[in-house]
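Here is what each chain is made of, one letter per residue.
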Amino acid sequence: MILGMMTPLPESAGHAESLAGLHLAAESAATIWQAVAAELAAAAASARHPLHLLTVATVDATGAPHARTVVLRGFDATDREVWFHTDIRSPKAEQIGVDGRVALHWYDPARRLQIRIAATATIHHGDALAQAAWRTSQPMSRACYTTGESPGTILETVPPAPPPPATDDDRGLAAFAVICCRFECVELLSLHASGHERIRLRLTGTEPIREILAP
Ligand SMILES: Cc1cc2nc3c(=O)[nH]c(=O)nc-3n(C[C@H](O)[C@H](O)[C@H](O)COP(=O)(O)O)c2cc1C
């Protein structure tokens, strides 16, 4: 992963079509991967992008699944990584610390497009990468990490919103973590009245490989 939360794209991603305009079963694997990469890089950069939020599923020590919404903070096509920010005291961070297998999921209802990624997550906490991400975080985002109670603590009442800290206030850094999710495959499902298209991209070889799957 790149310090400073850059989102590098594959070589010709700047020319990639939108995923919505692509016929998944007809396009080359490289073209689809470029479009996916361009979409996720744009989604990380804009809160208005329909893929800015994703669902992350983890498993706990008993094998029970847990899913929740997070903000897509970064995407790296070269290293095939997705990353998000979280509180190191949260159950999800504890779960990932024990078992790094995660499932990532997006759905854009306007385009009727689902993206699924199985990944292995690693936690960056207190290292250079976490500090670099902290420096680029907005005060509103930093405020979440200044609370005294760990996420999931049972409270008597709803707590007030924590005030945005000053830019040089690093108290929240102790709780701040970057979760980096590395993957080898991407699965897409595009719904069409004429026939749903489901494909898997395998990305570990020199060139991406596309497999057409039964929807
Ligand atoms: C729109 C939205 C965005 C969220 N973004 C994040 C996020 O980026 N990171 C995070 O840790 N939690 C985020 N949350 C809260 C999580 O969904 C979850 O409630 C919280 O992190 C506790 O999860 P856990 O108990 O499974 O660890 C978000 C929730 C919503 C509704």
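Residues numbered from 1 in each chain as written. Predicted model: local features only at pLDDT ≥ 70, side-chain atom pairs only at ≥ 80, totals over all residues. Heavy atoms only, no water.

1. Re the environment of Ala-20
Of note, Ala-20 is situated in the segment before α1 (29-45). For Ala-20, a relative accessible area of 46% gives the class partly exposed. For the pair Ala-20 and Ser-90, spaced 70 residues apart in sequence, the C-alpha to C-alpha distance is 35 Å. (Helix = DSSP H or I, 4+ residues; strand = E, 2+ residues; numbered from the N terminus. Buried < 20%, exposed > 50% of the residue type's maximum accessible area, 1.4 Å probe, protein only.)

2. A word on the pairing of strand β8 (residues 185-190)
Counting buried positions along β8 gives five out of six residues, so the element sits mostly inside the fold. Note: strand β6 (residues 113-124) against β8, four bridges, orientation antiparallel. Looking across to β8, one finds that Gln-114 is bridged to Leu-189. Hairpin remark: β8 followed by strand β9 (residues 197-202), antiparallel, with six residues in the connecting loop; positive phi at Gly-195, about 140°. (Pairing = 2+ DSSP bridges.)

3. Examining the site of the ligand
Every residue close to the ligand is listed here: Leu-53, Arg-68, Thr-69, Val-70, Val-71, His-85, Thr-86, Ser-90, Pro-91 and Lys-92. Interatomic distance of 2.6 Å between a side-chain N/O atom of Thr-86 and an oxygen atom of the ligand. Taken by itself the ligand offers 620 Å² of open surface, and the protein chains cover 58% of this. At the level of secondary structure, the elements contributing two or more residues to the shell around the ligand comprise β2 (65-71), β4 (81-87) and α2 (91-98). Counted by class, the shell around the ligand contains four nonpolar, four polar and two charged residues. (Near = heavy atom within 4 Å. Polar contact = N/O pair within 3.5 Å; in protein donor to acceptor, adjacent residues only side chain to side chain. Areas by Shrake-Rupley, 256 points an atom, 1.4 Å probe, with all protein chains shown as cover. Nonpolar A, V, L, I, M, F, W, Y, C, P; charged D, E, K, R; others polar.)

4. Digging into the nonpolar core
If you look at the biggest cluster of nonpolar residues, it comprises 39 residues, and the most contacted ones within it are Leu-19, Leu-104, Trp-106 and Ile-115. Mapped by element, the contributors of at least two residues to this core are α1, β1 (53-59), β4, β5 (101-108), β6, β7 (176-183), β8 and β9. The element contributing the most residues to this core is α1, with ten residues. Leaving out residues up to four positions away in the same chain, Ile-115 has contacts with Leu-19, Leu-40, Leu-51, Leu-104, His-105, Trp-106, Val-186, Glu-187 and Leu-188. Judged by nonpolar contacts, the second largest core, of nine residues, contains Trp-83, Leu-129, Trp-134 and Phe-176. (Core = buried A, V, L, I, M, F, W, Y, C linked by side-chain atoms within 4.5 Å. Contact = heavy atoms within 4.5 Å.)

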